[in-house]
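Coordinate inspection notes
Each chain, written out:
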Amino acid sequence: QAQLVESGGGLVQAGGSLSLSCAASGRLDAIFMGWFRQAPGKEREFVAAIAWIDGGQFYSEIAQGRFAISGDNDRKAVYLQMNSLKPEDTAVYYCAAGNNLSTKQTHWGQGTQVTVSS
C-alpha cells in the first residue's frame, strides 16, 4: 500500500507564492496523482492532477492560470506551484492518487495547511 507524504505549505500574504511537494512510497497503482483542498466548512475539491501515462495536466477553474502541476514519474512525486495566491485559497491541501479526478481517490496524504493572509 502506497503512502503519500506532502511537504511545503505555510503562511503567505495575498499575491505571494508557495510550492507543495508530494512523494509516494511503496507500491503506487494509480493513473492520476495530484492535489485536492478543503477549506473550513467546505467540501473537499479538486485542484490539479497529472496523468502518469502521458504527463497530461488537469486543472480546476480555481487553479487554471495561477497554479502549475508537475511530476516525476520515476520517483512518483508531484509538485504544485501556486502563484498569485488569494485569501480564498486558504485550505488544507491534500496529495492524492487514484484512477479518476473525483474525491474518490485510492490514496491520500495527511494534508498540509496553506494560509493566505489579506
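Only a predicted model underlies this, so the values are computations on that prediction, with no experimental measurement involved.

What counts as what
- Residues numbered from 1 in each chain as written.
- Predicted model: local features only at pLDDT ≥ 70, side-chain atom pairs only at ≥ 80, totals over all residues.
- Heavy atoms only, no water.
- Pairing = 2+ DSSP bridges.
- Helix = DSSP H or I, 4+ residues; strand = E, 2+ residues; numbered from the N terminus.
- Axes fitted to C-alpha atoms, helices over the stretch in contact; angles between N-to-C directions.
- Phe/Tyr/Trp six-rings, centres within 6.5 Å; stacked < 30°, edge-to-face > 60°.
- Buried < 20%, exposed > 50% of the residue type's maximum accessible area, 1.4 Å probe, protein only.
- Lys NZ or Arg CZ within 6 Å of the ring centre and 35° of its normal.
- Disulfide = S-S within 2.5 Å.
- Salt bridge = Lys/Arg side-chain N within 4 Å of Asp/Glu carboxyl O.

**Side note on the sheet that holds strand β1 (residues 3-8)**
If you walk across this open sheet you meet the 4 strands as β1-β3-β8-β7, and the pairing is antiparallel. Each edge of the open sheet is held by one strand with a lone partner, namely β1 and β7 (67-72). Strand after strand, the sheet turns through a mean of 15 degrees between neighbouring axes, direction not considered. Of the pairings in the sheet, the one linking strand β3 (residues 18-25) to strand β8 (residues 77-82) comprises 6 bridges and is antiparallel in character. Paired with Leu20 across the bridge in β8 is Leu80.

**Structural notes on the packing of aromatic side chains**
Applying the stated criterion to the full structure yields 4 aromatic pairs. Geometrically, the ring pair formed by Phe36 and Phe46 is edge-to-face, given 5.6 Å between the ring centres and 70 degrees between the ring planes. Of this pair, Phe36 sits in strand β4 (residues 32-38) while Phe46 sits in strand β5 (residues 45-51), and the two are 10 residues apart along the sequence. For Phe36, a relative accessible area of 3% corresponds to the buried category. Sitting over the face of the ring of Tyr94, Arg44 holds its NZ or CZ atom 3.7 Å from the ring centroid. Cation over ring: Arg44 sits above Trp108, and NZ or CZ is 4.5 Å from the ring centre.

**Remarks on the state of the cysteines**
For the structure shown, the criterion picks out 1 disulfide. Note that Cys22 is cross-linked by a disulfide to Cys95, the S-S spacing being 2.0 Å. Here the S-S torsion is close to -80 degrees, and the disulfide linking Cys22 with Cys95 is therefore left-handed. One end of the pair, Cys22, is in strand β3; the other, Cys95, is in strand β9 (residues 91-98), and 73 residues separate them in sequence. For the pair Cys22 and Cys95, one class covers both residues: buried.

**A short note on the pattern of salt bridges**
Evaluation of the coordinates by the stated rule reveals 3 salt bridges. Here Asp89 makes a salt bridge to Arg37, at a shortest N to O gap of 2.9 Å. Highlighted residues: Asp89 in the loop between β8 and β9 and Arg37 in strand β4, separated in sequence by 52 residues.

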